[in-house]
Amino acid sequence: MLFRRRNRNIWASVQAFVWPKKGVMRGWIYLLLRILRIRSSDYSLSAGFAAGVAVSFTPLIGLHFLLGIALAWLIRGNMIMSMIGTAVGNPWTFPFIWALIYAVGGSVLGRSPGETDVSALSYELLLNSPGEVMVSMFTGGLIMGGVFGLVTFLLGYVFAGRIRLKLLSIKRNRLKKMVIKRAQHG
C-alpha cells in the first residue's frame, strides 16, 4: 500500500487540529494561494466574495450559503468565493452585525432613537413585535450589506489583480532561473 493509515489517539488528533505542527499561518496562506489559483477572472472572484459578504448582513442565518450562491450567480461571480465570503457572518461577528443593521434599519425607517436602541434588542422584543424588528433588520441589512459588499468588491478587485500579477512574476522568475541552471549544466 502506498499510504499507510496512521492510528492516532483522540488527544493527538485534537491537538493537531487546534495547533498544527507546521503552524496556523501556513494553513491560511495555503488557503489564500489556493483561492488565487482558481481559474476565474478578478471580477468573478471579487464579485463572488462580495456577494457572500453582502448576504452575511441579512438576518437569515440558515440561508446565507444559498443566498450567497444565488447572488453570485446573478452577478456572475464565483460561487465558491461567495461561500467563503459568507464566513464574515459567524458567531463572533453576528452580534455586532445584528446591532448595526437593527440600528441602521430603525433610523432609516424613521423610528425614534429610543426604539432603535441596540441595548433594547432582546428575545422579548422579538417575541412581542417580530415584524417591526425583522423589517428594521432587513432594511439595515440591505443597506449595510450593499455598502460592505461594494467595499469588499472594490478592495478584492484591486488586490486580487495585484497579488495574481505578483505570483505570476515570481513564477516567471523561478522558470528563468531553472532555464539558466539547466543551460549552465547541460
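Bear in mind that the values here come from a model prediction, so they are computed numbers and not experimental data.

### Quick look at the overall build of the protein chain
And step 1. Each helix and strand in the protein chain was counted, giving eight helices and zero strands.
And step 2. Burial statistics for the protein chain: of 186 residues in total, 27% are counted as buried.
And step 3. A sequence separation of at least 24 residues applies to 70% of the contacts in the protein chain between residues at least 6 apart.

### Notes on the packing of helix 3 (residues 42-55) against helix 8 (residues 130-185)
And step 1. Interaxial distance between helix 3 and helix 8 falls to 8 Å at its minimum, and their mutual angle equals 150°. By the angle between their directions, the pair helix 3 and helix 8 is classed as roughly antiparallel. Helix 3 and helix 8 meet at a crossing whose hand is right-handed. Between helix 3 and helix 8, the residues in contact are Asp42, Tyr43, Leu45, Ser46, Ala47, Phe49, Ala50, Val53 and Ala54 and Gly145, Phe148, Gly149, Thr152, Phe153, Gly156, Tyr157, Ala160, Gly161 and Arg164, respectively.
And step 2. In terms of residue class, the contact of helix 3 with helix 8 is built from eleven nonpolar, six polar and two charged.

### Quick notes on the packing of aromatic side chains
And step 1. Throughout the structure, instances matching the rule amount to four aromatic pairs.
And step 2. Ring geometry for Phe153 against Tyr157: centres 5.8 Å apart, planes inclined by 25°, an arrangement best described as stacked. In this pair, Phe153 and Tyr157 are both assigned in helix 8, four residues apart and thus about one turn of the helix distant.
And step 3. Put simply, the rings of Tyr43, Phe153 and Tyr157 touch in pairs and so form one group of aromatic residues.

### Considering the nonpolar core
And step 1. Of all hydrophobic cores here, the largest spans nine residues; its members are Val53, Phe57, Ile97, Ile101, Tyr102, Val104, Val133, Met137 and Met144.
And step 2. The element best represented in this core is helix 6 (residues 94-108), accounting for four residues.

### Concerning the environment of Leu155
And step 1. Here Leu155 is to be found in helix 8.
And step 2. Leu155 sits 109 residues away from Ser46 along the chain, and the two C-alpha atoms are 8.1 Å apart.

### Focus: the confidence of the model for the protein chain
And step 1. Confidence in the prediction for the protein chain averages 84 pLDDT; 89% of positions are at 70 or higher.
And step 2. Taking the mean pLDDT of every element in the protein chain, the minimum, 74, falls on helix 7 (residues 123-128) and the maximum, 95, on helix 4 (residues 64-74).

### Let's talk about the side chain of Ser136
And step 1. As for its placement among the helices and strands, Ser136 is situated in helix 8.
And step 2. Setting aside anything within four residues of it in sequence, one finds Ser136 in contact with Ile101, Tyr102, Gly105, Gly106, Leu109 and Arg111.

### Thoughts on the side chain of Asn78
And step 1. Considering the arrangement of structural elements, one finds Asn78 in the loop between helix 4 and helix 5 (79-85).
And step 2. Within the structure, the side chain of Asn78 is placed 3.1 Å from the side chain of Ser40, a separation counted as a polar contact.
And step 3. Residues in contact with Asn78, not counting those within four places in the same chain, are Ile38, Ser40, Ser44, Leu45, Gly48 and Ala72.

Thresholds applied
- Residues numbered from 1 in each chain as written.
- Predicted model: local features only at pLDDT ≥ 70, side-chain atom pairs only at ≥ 80, totals over all residues.
- Heavy atoms only, no water.
- Helix = DSSP H or I, 4+ residues; strand = E, 2+ residues; numbered from the N terminus.
- Buried < 20%, exposed > 50% of the residue type's maximum accessible area, 1.4 Å probe, protein only.
- Contact = heavy atoms within 4.5 Å.
- Axes fitted to C-alpha atoms, helices over the stretch in contact; angles between N-to-C directions.
- Parallel < 35°, antiparallel > 145°, perpendicular 65-115°, else oblique.
- Left-handed = near helix turned anticlockwise from the far one by under 90°.
- Nonpolar A, V, L, I, M, F, W, Y, C, P; charged D, E, K, R; others polar.
- Phe/Tyr/Trp six-rings, centres within 6.5 Å; stacked < 30°, edge-to-face > 60°.
- Core = buried A, V, L, I, M, F, W, Y, C linked by side-chain atoms within 4.5 Å.
- pLDDT = per-residue confidence, 0-100.
- Polar contact = N/O pair within 3.5 Å; in protein donor to acceptor, adjacent residues only side chain to side chain.

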